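If you want the building blocks of each chain, they are given just below.
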Amino acid sequence: MKLELKGITKKFGSFVANDHIDLVVEPGQVHSLLGENGAGKSTLMNVLYGLYEPTEGQILIDGKPVDFNGPGDAMAAGIGMVHQHFMLVPVFTVAENIALGNEATKAGGILNLDETRTKIRQISEQYGFQVDPDAVVEDLPVGVQQRAEIIKALVRDAEVLILDEPTAVLTPKETDELLAIIAQLKSDGKSIVFISHKLREVKAVSDLITVIRRGKVVGDADPNASTTDLASMMVGRSVSLSLNKAPAQPGEATFVIDGLTVTAPTGQRVVDNISLQIAQGEILAIAGVQGNGQTELTEAILGLQEHVSGSIRLEGKELVGRGTKEIINSGVGFVPEDRSVEGLVGAFSVAENMILNRYDQAPFAKGLAMKPARVAENAAERIAEFDVRTQSATAAAGTLSGGNQQKVVMARELSRPLKLFIASQPTRGVDVGSIEFLHKRIVSERDRGTPVMIVSTELDEVLELADRIAVLYQGRLMGIVPGNTSRDTLGLMMAGMGAEDAQGTDPARTDPESGDK
Amino acid sequence: MSTAVSTAPEQSTTRAGAVRSWKTPITLAVLAVFALLVFAIGAPGNEVTFRLSDPGDAIVLPPIVVFAPVMGWIGAVIMVAAAALAFVQVRAGRPVPGWLIAVFAVVFVAAFLSWIVGSARTPNVALYGLLAGSVTLAVPLIFGSLSGVLCERSGVINIAIEGQLLFGAFSAAVAGSLSGSAFVGLMAAAVGGVLVSLVLAVFSIKYLVNQVIVGVVLNVLVSGLTGFLFSTVLSADAETWNSPPRLPVISIPFLSDIPIIGPILFEQAIVGYLMYVAVAVIYIGLFHTKWGLRTRAVGEHPKAADTLGVKVNRMRFMNVSLAGVVAGLGGAFFTLVSVSSFGRDMTAGQGYIALAALIFGRWNPIGAFFAALLFGFATNLQYVLSFLGTPVPNQFLAMLPYIVTIFAVAGLVGRSRAPAANGVPYIKG
């Protein structure tokens, strides 16, 4: 099946998400859409899948124009989609999820799930998936959930399979498995549209790459093109992908976590007996697949978690049991993982957001009164220093782009002397240009002699920034390894292998002692 | 120093910092102490008679006669033991088993009954009447809860159950009086319920108004509207407008002669039989049919359903309308079965109790059925006891159904899980 998009334009109000996009997906090809977050890749695919109606333009299948009124029409035409956020009902079983919308029934509308189960087993066998049709989706690992999504499309005889950022939630090992599945689907004659902003994966999997920037097609690229070329096409200017930071000059270890355990209300230990130290002038990166205790770990440090046992000491002072405000005032800077929910108040101005952690202290307040002049002055300085692109300091923070919002949060947290800096997902959803800037700021905070903890699920970012890497798996510390540890070793650790075992299986073994103090 | 800490799994099983919930054992302990003081130590020194069948029945069972202090002490000992066991369980980090709570509840009710009936002027009660009356009182509650199940499983919060019941009762009374036929009244009740539902559906699904507010406003609107029409039209000429015929009670031969359960299950008006049918049909429909799968999907993750071609809002509209039919039939019970005339605000908060039964029953038709039975039992117990003349003031007895509601919903349900998208309007794109 040949799929063509002609002059697709999608506007949301005055915002143009897709601007006259042309795309041809040939049968049996893996066609990648490469672009930054917010470039309009997902919007385009939602148009193709019938979720959005295009403002202008046409979709053609085998040369014939089609009109989709909803995902049902797209599916009937042979288009399947695996969404970035899985479209699975968590409390349903795999079979129920796959049957939904396409139910086989007996007399009287009674469900016939056996038929669905048989189909699931057939497809599982064909592609080597291990998916139990009767498992409840919320109990399954994300990798298996993703396979259930793929089965969902295959059961509906999809000829074109759209995969939207499929590797975002996977471990490196699961990613490799997914790439193998894609190759197999391709050899069965299916077309794959692979959407990603990760250059390495795109290069590995594609037959053809189309680069999208700010809603427009920039051009096609060959998978053999260099990463730097692809990155500059994606961003629109030349970017340096490596930071070239100076080696760390670690001083005294002033931040010490000892036997930290955080228990969830369900009784599960989400952070399980973690001990680590961070020295002044050193970046420790916490690596791991999302949902392995990173959030709880950082929140425990900030006093945002209940049921915490163990000890967290900063320059000898115990932080466990103290209030969040007290912890912030003792010199902890914190960039939370979800800036729009926890980092900013979207309806507040940029200037107000820049003093959220010190609004009641001098020089921004005196007694009960705030000093608007000082707040505005501070905002002007920070906006210049961090190159925040905003119409004015009084614009609502929620109206800024992701990268600029992150700069506002970073500016607030880094604009005072710190004893500890923690940044969770510092560059998630941030354009490549801003990533470079934010990374440099983090390194310069390190060079000022602050202990820095970075939590990231992106291995690229971890390897870029870290002086040492701690890997979390199911709330446990799999080990702390030097910053130059190979991806393969880290991948194994992220899947639950201890540091020593992982390094033992790694041919390009690094010396485990070299990064240790 | 070495920072390469490898955490072995054995290490992590040191002192479990597990989060224990002491709520259940503490509640049980307080109730057990209360039972010990009141039902055992404070037991009246006389015999209590529980009659199991009416002398006119086909099969007559002998009454159960117990000595109140014996019953009180046995009950109290069992309850104290159960509370202690609950403490042991929680201490060991295990949840309190459901059967333990069930045993505790049954024993508590039995001890309570023997104490309160024993203290009454006539320590003699018809157990069969108490149970049969409970079911009868539970009928509108069950219909109300089922209406809630249909709405909320598809993702629309239904606070308007009260309004649906009241308008159903009103419609049944008026249509029944005008036509002279109880069955026409029954149909009209369903239509009345649907009318309330349509307003709820249009505002919450199409205009995205906060569903709780729409529901509350609808209740006030229906109460005002029916109250106004009652005082102007219905009271002026009650003969024409407000004297509906009753639905006949249909006894199923032989089955209705079975002691105790016969009169409960097989001697009812058509509404009562419809209630059992509705529970079964909605249960099977929800969990074993295509319609049910889609309904639940729309209530849990509407976007996922949408990506599979399920029309989310159409599905919700259909379910809310159907819920109106069900609640309307429950409303008919008030004017076509229990009394044969409409009275101002005659549903008296039953819709809210039905809402509680829905939550207590965990959004499951069968759970809601049993929860409603419990509330029906509490209500009937209050009537029976005030009739017997107990030392407990009437006003306290009148609180009984509501106290049971609060305890049931807050104390015993624990963490019940509503449909994930309940109350969240679905906006495409």
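## Focus: the overall build of chain B
Phase 1: A tally of helices and strands in chain B yields 16 helices and 5 strands.
Phase 2: The C-alpha radius of gyration computed for chain B amounts to 25 Å, which stays within 12% of the reference 22 Å derived for 429 residues, consistent with globular compactness.
Phase 3: When each of the 429 residues of chain B is scored for burial, the buried share is 46%.
Phase 4: Looking at chain B alone, contacts between residues at least 24 apart form 77% of all its contacts between residues at least 6 apart.

## Comments concerning the overall build of chain A
Phase 1: A tally of helices and strands in chain A yields 18 helices and 22 strands.
Phase 2: In terms of overall dimensions, chain A is globule-like: its C-alpha atoms have a radius of gyration of 25 Å, near the 24 Å expected for 517 residues.
Phase 3: Overall, the C-alpha framework of chain A stretches about 70 × 50 × 50 Å when taken along its three principal axes.
Phase 4: With 517 residues in all, chain A has 48% of them scored as buried.
Phase 5: At a minimum sequence separation of 6, the contacts of chain A that also span at least 24 residues come to 66%.

## What about the domain arrangement of chain B?
Phase 1: Taken domain by domain, chain B comprises domain 1 (20-119) and domain 2 (130-375).
Phase 2: Taking only C-alpha atoms into account, the centre of domain 1 of chain B sits 34 Å from that of domain 2 of chain B.

## Some words on the environment of B:L221
All names here are of chain B.
Phase 1: By the secondary structure assignment, L221 is in helix α7 (residues 211-236).
Phase 2: For L221, a count of 15 C-beta atoms within 10 Å puts it in the partly exposed group.
Phase 3: L221 sits 25 residues away from V196 along the chain, and the two C-alpha atoms are 9.8 Å apart.

## Examining the sheet that holds strand β11 (residues 253-263) of chain A
Backbone hydrogen bonds are what pair the strands of a sheet, in a parallel or an antiparallel way.
All names here are of chain A.
Phase 1: Pairing is antiparallel across the open sheet formed by 4 strands, whose spatial order is β12-β11-β14-β15. In this open sheet, the two edge strands, each paired with only one partner strand, are β12 (269-279) and β15 (317-318).
Phase 2: As paired elements, strand β14 (residues 308-314) and β15 share 2 bridges and run antiparallel to each other. Across the sheet, R313 pairs through a bridge with E318, a residue of β15.
Phase 3: Against the sheet, helix α9 (residues 294-301) touches β11, β12 and β14, its axis set at about 60° to β12.

## Comments concerning unusual backbone geometry
For residues besides glycine, phi is generally negative; the peptide bonds are generally trans as well.
Phase 1: Here the bond from A:A362 into A:P363 is cis, since omega is 5°, no more than 30 degrees from zero.
Phase 2: Inspection of the secondary structure assignment puts A:P363 in the loop between α12 (350-353) and β17 (365-366).
Phase 3: A positive phi is found at A:Q474, a non-glycine position, where the angle reads about 50°.
Phase 4: When you line up the elements, A:Q474 lands in the loop between β21 (468-473) and β22 (476-482).
Phase 5: In this structure, B:R362 is a non-glycine residue whose phi angle is positive, near 55°.

## With respect to the sheet that holds strand β3 (residues 124-126) of chain B
All names here are of chain B.
Phase 1: The strand order β2-β1-β3 describes an open sheet built from 3 strands, whose pairing is mixed. The strands lining the two open edges of the sheet, one partner per strand, are β2 (64-67) and β3. Averaged over neighbouring strand pairs, the angle between their axes works out to 20° when direction is ignored.
Phase 2: Bridge count between strand β1 (residues 47-51) and β3: 3 bridges; the pairing is parallel. Note that in β3 the partner of T49 across the bridge is N124.
Phase 3: The strands touched by helix α2 (residues 68-91) are β1 and β2; relative to β2, the strand with the most contacts, the crossing angle is about 75°.
Phase 4: In this fold helix α4 (residues 127-153) packs onto β1 and β3, with an angle of close to 45° to the strand it touches most, β3.

## A closer look at helix α3 (residues 98-118) of chain B
Phase 1: In a regular helix each residue adds 1.5 Å, so 21 residues correspond to 30 Å; α3(B) covers 30 Å between its end C-alpha atoms and thus fits that length.
Phase 2: Listed in full, the buried residues belonging to α3(B) are B:F104, B:V107, B:F108, B:A111, B:L113, B:S114, B:W115, B:I116, B:V117 and B:G118.

## Remarks on the nonpolar core
Residues and elements named next belong to chain B.
Phase 1: I142, A357 and A372 are the most contacted members of the largest nonpolar core, which has 113 residues in total.
Phase 2: A domain split of this core shows at least three residues from each of domain 1 (20-119) and domain 2 (130-375).
Phase 3: Each residue touching A357, except ones within four places of it in the same chain, is listed here: L141, S145, A368, A371, A372 and F375.

## Let's talk about the packing of helix α14 (residues 350-360) of chain B against helix α15 (residues 365-388) of chain B
Residue and element names in this part refer to chain B.
Phase 1: Interhelical geometry of α14 versus α15 gives an angle of 130° and a closest axis separation of 7 Å. One finds that α14 runs oblique with respect to α15. Between α14 and α15 lies a crossing whose hand is right-handed. Every residue of α15 that contacts α14 at I353, A354, A357, L358 and F360 is listed here: A368, A371, A372 and F375.
Phase 2: Residues of the contact of α14 with α15, tallied by class, amount to 9 nonpolar, no polar and no charged.

## Observations regarding the confidence of the model for chain B
Residues and elements named next belong to chain B.
Phase 1: Residues at a pLDDT of 70 or more form 93% of chain B, whose mean pLDDT is 87.
Phase 2: Low confidence marks residues 1-18, where pLDDT is under 50. Its contacts with residues over four positions away, or in another chain, come to 37 contacts.
Phase 3: Scoring the predicted complex yields pTM 0.81 and, for the interface, ipTM 0.83.

## Some details on the pairing of strand β9 (residues 208-213) of chain A
Residue and element names in this part refer to chain A.
Phase 1: Sheet analysis places strand β3 (residues 30-34) next to β9, joined by 4 bridges and oriented parallel. Residue pairing for β9: H31 is matched across the bridge by L208.
Phase 2: Taking the residues that link successive antiparallel strands as the turn, the β9-strand β10 (residues 216-221) hairpin has 2 residues, and the phi of R214 there is positive, at about 45°.

## A word on the domain arrangement of chain A
Residues and elements named next belong to chain A.
Phase 1: Splitting chain A by domain gives domain 1 (3-235), domain 2 (242-331 + 417-517) and domain 3 (348-415).
Phase 2: Each of domain 2 and domain 3 was reduced to a C-alpha centroid, and the two centroids are 27 Å apart.
Phase 3: Classifying every residue of the side of domain 2 that touches domain 3 by side-chain character gives 4 nonpolar, 2 polar and 3 charged.

## Topic: helix α6 (residues 172-187) of chain A
Residues and elements named next belong to chain A.
Phase 1: With 16 residues, α6 should reach 22 Å at 1.5 Å per residue; the first-to-last C-alpha distance of 23 Å fits that figure.
Phase 2: Within the span of α6, buried status applies to E174, T175, L178, I182 and L185. Viewed along the axis of α6, the buried residues span an arc of 100°, placing them on a single side of the element. Facing away from the buried side of α6, by more than 90 degrees, are the exposed residues A180 and S187.
Phase 3: Its buried side turned inward, α6 meets β3, α5 (142-155), β7 (160-164), β8 (191-196) and α7 (199-205).
Phase 4: One or two steps after α6, the chain reaches G189, where phi turns positive at roughly 90°.

## Some remarks on the packing of helix α4 (residues 113-127) of chain A against α5(A)
All names here are of chain A.
Phase 1: Two elements in contact, α4 and α5, have axes whose closest approach is 10 Å; the angle formed by their N-to-C orientations is 110°. Relative to α5, α4 is oriented roughly perpendicular. Within the contact between the two elements, α4 uses K119, I120 and I123 and α5 uses I151, L154 and V155.
Phase 2: Taken together, the residues of the contact of α4 with α5 sort by class into 5 nonpolar, no polar and 1 charged.

## Re the environment of A:S232
Phase 1: As for its placement among the helices and strands, A:S232 is situated in helix α8 (residues 227-235).
Phase 2: Classification of A:S232 by C-beta neighbours within 10 Å gives partly exposed; the count is 17.

Criteria and cut-off values
- Residues numbered from 1 in each chain as written.
- Chains lettered and ligands numbered in written order.
- Predicted model: local features only at pLDDT ≥ 70, side-chain atom pairs only at ≥ 80, totals over all residues.
- Helix = DSSP H or I, 4+ residues; strand = E, 2+ residues; numbered from the N terminus.
- Rg over C-alpha atoms; globule rule 2.2 N^0.38 Å.
- Buried ≥ 20, exposed ≤ 12 C-beta atoms within 10 Å, placed from the backbone.
- Contact = placed C-beta atoms within 7 Å.
- Domains from an automatic or database assignment.
- Pairing = 2+ DSSP bridges.
- Axes fitted to C-alpha atoms, helices over the stretch in contact; angles between N-to-C directions.
- Expected span 1.5 Å × (residues − 1).
- Core = buried A, V, L, I, M, F, W, Y, C linked by C-beta atoms within 7 Å.
- Parallel < 35°, antiparallel > 145°, perpendicular 65-115°, else oblique.
- Left-handed = near helix turned anticlockwise from the far one by under 90°.
- Nonpolar A, V, L, I, M, F, W, Y, C, P; charged D, E, K, R; others polar.
- pLDDT = per-residue confidence, 0-100.
- Arc of directions from axis to C-beta.

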